[in-house]
Amino acid sequence: MRILAVIFALLILALQYPMWLGKGGWLQVRELDRQLDRQRQTNAELKARNAALDADVRDLKTGVEAIEERARSELGMIRHDEVFFQLPPETAAPPSASIKPQGGR
């Protein structure tokens, strides 16, 4: 009787192995689900980027404001009747308060 129980237990284990660890098993399906979720997220990000690029292309094809904005921001162009002022970047206050005079004791 014991031998029969051991044989049945081994048979059950042999049937369970492909379900858990074999090709198409539970662990592999779980990993594929994770990869699928990551790919869906990447696709959504790329779809949003493509939509933004498509809107830019449509603006550049139909309107002059988009072309003018690009020329101003990327190429630094100005109109005939405009004056361009370039201000130097602000610098930190001179550290004169932190400098101690060197001299006699």
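Residues numbered from 1 in each chain as written. Predicted model: local features only at pLDDT ≥ 70, side-chain atom pairs only at ≥ 80, totals over all residues. Heavy atoms only, no water.

### Let's talk about the pattern of salt bridges
Put simply, the rule reads: Salt bridges are counted wherever a side-chain nitrogen of Lys or Arg sits within 4 Å of a carboxyl oxygen of Asp or Glu. A run of H or I in DSSP becomes a helix once it reaches four residues, and a run of E becomes a strand once it reaches two; helices and strands are each numbered from the N terminus.
Within the structure shown, the criterion is met by 8 salt bridges. Between Arg58 and Asp54 there is a salt bridge, with the nearest N and O atoms lying 3.2 Å from each other. With Arg58 and Asp54 both in helix α2 (residues 26–62), this residue pair falls 4 residues apart, about one helical turn. Across the pair Arg70 and Asp56 runs a salt bridge, and its minimum N-O distance is 3.3 Å. With Arg70 in helix α3 (residues 64–75) and Asp56 in helix α2, this residue pair connects regions lying 14 residues apart in the sequence.

### Description of a nonpolar patch on the surface
For the record, the criterion: Patches in this entry comprise residues that are over 30% relatively accessible and not in a salt bridge; like charges within 9 Å are linked, as are nonpolar side chains (Val, Leu, Ile, Met, Phe, Trp, Tyr) within 5 Å. To be clear on the numbers: accessible area is Shrake-Rupley with a 1.4 Å probe, and residue cover counts the displayed protein chains and nothing else.
A cluster of nonpolar side chains, namely Tyr17, Met19, Trp20, Leu21, Trp26 and Leu27, defines an oily patch on the protein surface of about 660 Å² accessible area. Secondary-structure elements contributing two or more residues to the nonpolar patch are α1 (2–20) and α2. Sorting elements by how many residues they give to the nonpolar patch places α1 first, with 3 residues. Mapped onto the elements of the fold, Leu27 is located in helix α2.

### Thoughts on the environment of Ile78
In this fold, Ile78 is placed in the segment after α3. Separated by 10 residues in sequence, Ile78 and Glu68 place their C-alpha atoms 9.1 Å apart.

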